[in-house]
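What follows is the residue order along each chain.
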Amino acid sequence: MKEFIQIHRDDNVAIALVDLKKGYSFSVNDKEIILIEDVGKGHKISLDHMLKDTNIIKYGMPIGHLLADVKSGQWLHVHNLKTNLKDLNEYTYVENFKAFNVDIPEKKVMVFKRKNGEVGIRNDLWIIPTVGCVNGIGTLIKEEFLRLNPSVDKSLITVLTHNYGCSQLGEDHENTKTILQNTAKHPNAGGVLVLGLGCENNQLGVFKDTLGDYDENRIHFLISQDHDDEISQGVKELTALYENMQKDKREQVSIGKLKFGLECGGSDGFSGITANPMLGEFSDYIIQNGGISVLTEVPEMFGAETLLMERCKDKATFNKTVDLINDFKSYFIKHDQEIYENPSPGNKKGGITTLEDKSLGCTQKSGLSKVNDVLKYGETLKTAGLNLLSAPGNDAVATTALASTGCHMVLFTTGRGNPYGGYVPTVKIATNSDLATRKTRWIDFNAGRLVSEDISMDDLLAEFIDYIVTVANGQPTNNEKNNFKEIAIFKSGVTL
């Protein structure tokens, strides 16, 4: 196993791939470096004597400036390195497209074709409360249905609980309604029972009237206050939905028919070396075959946004990307919050020092493809290729937002580990082999093998694509095995 890496030839730091002790020596660009202090895995090592205010270069770009003079072989982290980022920026559109070709044959997957032409990789049965007040009612309906139908696979039925749907105003109210409507129409669901209370702000009548076209055999509605026994009525609705779902059979299509959300959580110093670059190659592969990938977590684009802007397909898309970035910064400013209060404690422990450090690793998930569209929170996918989505870095909210666009699966890289899962398969990809070994009930795929084993990126990517095919074909991810299927909706305003 390699013990260190210089990611880009212009970098003035190296990254420890294992815990290194004071006195350890290694060579970079024919120059010998001797550690003058211990450096933990994932953390940065100075490759030269450098003066205060010198920019530290990682991934070939600045990730911050020095707070004091440092020596060759010194540990660089929050104690001596600070972000260069400021508040709102002005940007200029400069095209910088790079050609790519992922030399892996197009794969086929088995999916459920829906009436509207969409495809799903699951045939689940969901209960979606319009308001948090009926979360418990949804659970009772599910339990009674399973009691009366013991042969039904209980993992197919999920109550997508949340805390909203009432006492919300303006944009928050619309966000809740929109996310729940998008969820109800998601093609991974074979049947959906939309469950209301009756007196909530998120009225079921308005919900239904503004839902748009939908398959009446696949989506049913129930207002709890309208029935003396809402549990029995709910069981009747689930029974009808389940019986209709039994007609659905898988058919073969190209993997390019699928839509993938790209996300990370609990990132570490390995994220930008292993899992995120692998996802970038996977994203390019999917797009090369006509598919869609979606990058979100806007605050984790700060500091690397120009790399995305220069890949926008045209000036209009560039302008939407500028708005995506500056609107989210304005959201922080509106609430009197520090824009760059990031990375998290876990990120820092794993070796990430500044937001530029984090963002330059995070955005690698987008590969080299052109940015073809930019979506506001709650919008659904319309354009093939790489899309950017407005959503925060919070794992639960970002995963829900990705699923709400229509993504069939969320690909989630992590260096610290996270058991969370959304209502679509949420593939956890370890950035380091230690995490993958320890957390086998959380982690689905180990990208850390790029540094812990003698395996090339091409070979690892081929293995990952084969794994994704099995998931698309029905193999459950760990979040599905654990029944961790959650929903979280973005909120920014007043609660009554």
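Per chain, the residues get numbers from 1 upward, laid out in the order the sequence is written. Per-residue local features of the predicted model are confined to residues with pLDDT of at least 70, and side-chain atom pairs are confined, for both listing and counting, to 80 or more; whole-chain, interface and lining totals are unaffected and use all residues. The basis for every side-chain value is the complete set of non-hydrogen atoms in the structure, without hydrogens or water.

Visitor: Would you mind showing me how to read helix H1 (residues 135-148) here?
Guide: Along an α-helix, residues three or four apart share an orientation, since each turn contains 3.6 residues. Along its 14 residues, H1 runs 20 Å from first to last C-alpha, staying within 8% of the 20 Å computed at 1.5 Å per residue. Within the span of H1, buried status applies to Asn135, Ile137, Gly138, Ile141, Lys142, Phe145 and Leu146. Note on contacts: a residue pair qualifies if any of its non-hydrogen atoms lie within 4.5 Å across the two residues. Helix and strand definitions here come from DSSP, where helices need a minimum of 4 consecutive H or I residues and strands a minimum of 2 consecutive E residues; each element is numbered from the N-terminal end. Close packing links the buried residues of H1 with strand E12 (124-129), strand E13 (157-159), strand E14 (189-196), strand E15 (219-223) and helix H4 (230-245). A helix is expected to reach a length of 1.5 Å times the quantity of its residues less one. The cut-offs for exposure are 20% and 50% of the maximum accessible area for each residue type, with area from a 1.4 Å probe on protein chains only; residues under the lower value are buried, those over the upper are exposed, and the others partly exposed.

Visitor: Just checking my understanding: could you explain the packing of H1 against H4 for this structure?
Guide: Relative placement of two packed helices is described by the angle separating their axes and the distance separating the axes. Where H1 meets H4, the closest approach of the two axes is 9 Å, and the angle between their N-to-C directions is 60°. The pairing of H1 with H4 is recorded here as oblique in orientation. Crossing angle aside, the handedness with which H1 passes H4 is right-handed. From H1, Ile137, Leu140, Ile141, Lys142, Glu144, Phe145 and Leu148 reach across to H4, where they touch Glu230, Ile231, Gly234, Val235, Leu238, Thr239 and Tyr242. Only the contacting stretch of a helix is used when fitting its axis, a line to C-alpha atoms as for every element, and angles between N-to-C directions run 0 to 180 degrees. Here the word oblique covers every angle except those under 35 degrees (roughly parallel), over 145 (roughly antiparallel) and from 65 to 115 (roughly perpendicular). With the far helix as reference, a near helix turned anticlockwise by less than a right angle produces a left-handed crossing, and one turned clockwise produces a right-handed crossing.

Visitor: Even after reading the chapter, I still don't get the environment of leucine 435, so can you show me in this structure?
Guide: The residue leucine 435 is located in helix H11 (residues 433-438) in this model. Take leucine 435: its relative accessible area is 0%, and that puts it in the buried class. Sequence separation between leucine 435 and glycine 415 is 20 residues; the distance between their C-alpha atoms is 7.0 Å.

Visitor: I keep staring at the pairing of strand E18 (residues 292-295) and nothing clicks. Help me out?
Guide: Each regular strand displays side chains that alternate between the two surfaces of the sheet. Along E18, one buried face is formed by Ile292 and Val294 and the opposite face, lined by Ser293 and Leu295, is buried too. Pairing geometry for strand E17 (residues 259-264) and E18, over 4 bridges, is parallel. Considered in E18, the bridge of phenylalanine 260 is made with serine 293. Note that the unit made of E17, helix H5 (residues 275-288) and E18 has a crossover that is right-handed. Only strands that DSSP links by at least two bridges are regarded as paired with each other. Pairing of E18 with strand E20 (residues 385-389) involves 4 bridges; the strand directions are parallel. Residue valine 294 lies in a different strand from E20, and its bridge partner there is asparagine 387. Call a crossover right-handed when, viewed with both strands pointing away from you, the route from the first strand across the helix to the second goes clockwise.

Visitor: Can you walk me through the sheet that holds strand E7 (residues 61-66) in this structure?
Guide: Reading across the sheet, the 3 strands line up as E6-E7-E9 and stay open at both edges, with antiparallel pairing between neighbours. Strands with a single pairing partner mark the edges of an open sheet, and in this sheet they are strand E6 (55-58) and strand E9 (81-82). The pairing of E6 with E7 spans 4 bridges and is classified as antiparallel. Residue asparagine 55 lies in a different strand from E7, and its bridge partner there is histidine 65.

Visitor: Just checking my understanding: could you explain the pattern of salt bridges for this structure?
Guide: Pairs may arise between side chains of opposite charge once their charged atoms sit close together. In the sections that follow, a salt bridge refers to a side-chain nitrogen of Lys or Arg positioned within 4 Å of a carboxyl oxygen of Asp or Glu. Under the criterion given, the structure shown has 18 salt bridges. Among the salt bridges present, the one from aspartate 466 reaches lysine 107, with a minimum N-O distance of 3.2 Å. In this pair, aspartate 466 is assigned in helix H13 (residues 457-472) and lysine 107 in the loop between E9 and strand E10 (108-113), connecting sequence segments 359 residues apart. With a relative accessible area of 38%, aspartate 466 lands in the partly exposed category. On the basis of relative accessible area, lysine 107 is assigned to the partly exposed category, the value being 26%.

Visitor: Help me out: how do you make sense of the pairing of strand E4 (residues 31-34) in this one?
Guide: By the bridge criterion, 4 bridges tie strand E3 (residues 25-28) to E4 in an arrangement that is antiparallel. Each residue of the ladder has a partner; that of valine 28, found in E4, is lysine 31. In textbook terms, the turn of a hairpin is the stretch between consecutive antiparallel strands, and for E3 and E4 this stretch comprises 2 residues, one of which, asparagine 29, has a positive phi near 55°.

Visitor: Sorry if this is basic, but what is going on with the state of the cysteines here?
Guide: Chemically, a disulfide is nothing more than a covalent bond linking the sulfur atoms of two cysteines. Cysteine sulfur pairs qualify as disulfides if the two atoms are within 2.5 Å. Counted according to the given criterion, the structure contains 0 disulfides. Unpaired in this structure, cysteine 133 has its nearest cysteine sulfur neighbour in cysteine 166, at a distance of 6.1 Å. Among the cysteines around cysteine 199, which has no disulfide bond, cysteine 166 carries the closest sulfur, lying 6.4 Å off.

Visitor: Help me understand the packing of aromatic side chains, please; the structure alone is not making it clear to me.
Guide: Two descriptors summarise a pair of aromatic rings, namely the distance from one centre to the other and the angle between the planes of the rings. Aromatic contacts are taken between Phe, Tyr and Trp rings whose centres are within 6.5 Å, Trp giving its six-membered ring; a plane angle under 30 degrees counts as stacked, one over 60 as edge-to-face, and the others as tilted. What the rule picks out here adds up to 18 aromatic pairs. Here, a charge over a ring means that NZ of Lys or CZ of Arg falls within 6 Å of the ring centre while also lying within 35 degrees of the ring normal. Its guanidinium or amino end placed over the ring of phenylalanine 97, lysine 370 lies 4.5 Å from that ring's centre, counting from NZ or CZ.

Visitor: Sorry, what's going on with the sheet that holds E10 here?
Guide: Across a sheet, paired strands are connected by hydrogen bonds in the backbone, their directions being either parallel or antiparallel. Strand order in the open sheet formed by 3 strands is E11-E10-E16, and the pairing between neighbours is antiparallel. Looking along the sheet, the strands with just one partner apiece sit at the ends: strand E11 (119-120) and strand E16 (250-254). As paired elements, E10 and E11 share 2 bridges and run antiparallel to each other. Looking across to E11, one finds that phenylalanine 112 is bridged to glycine 120.

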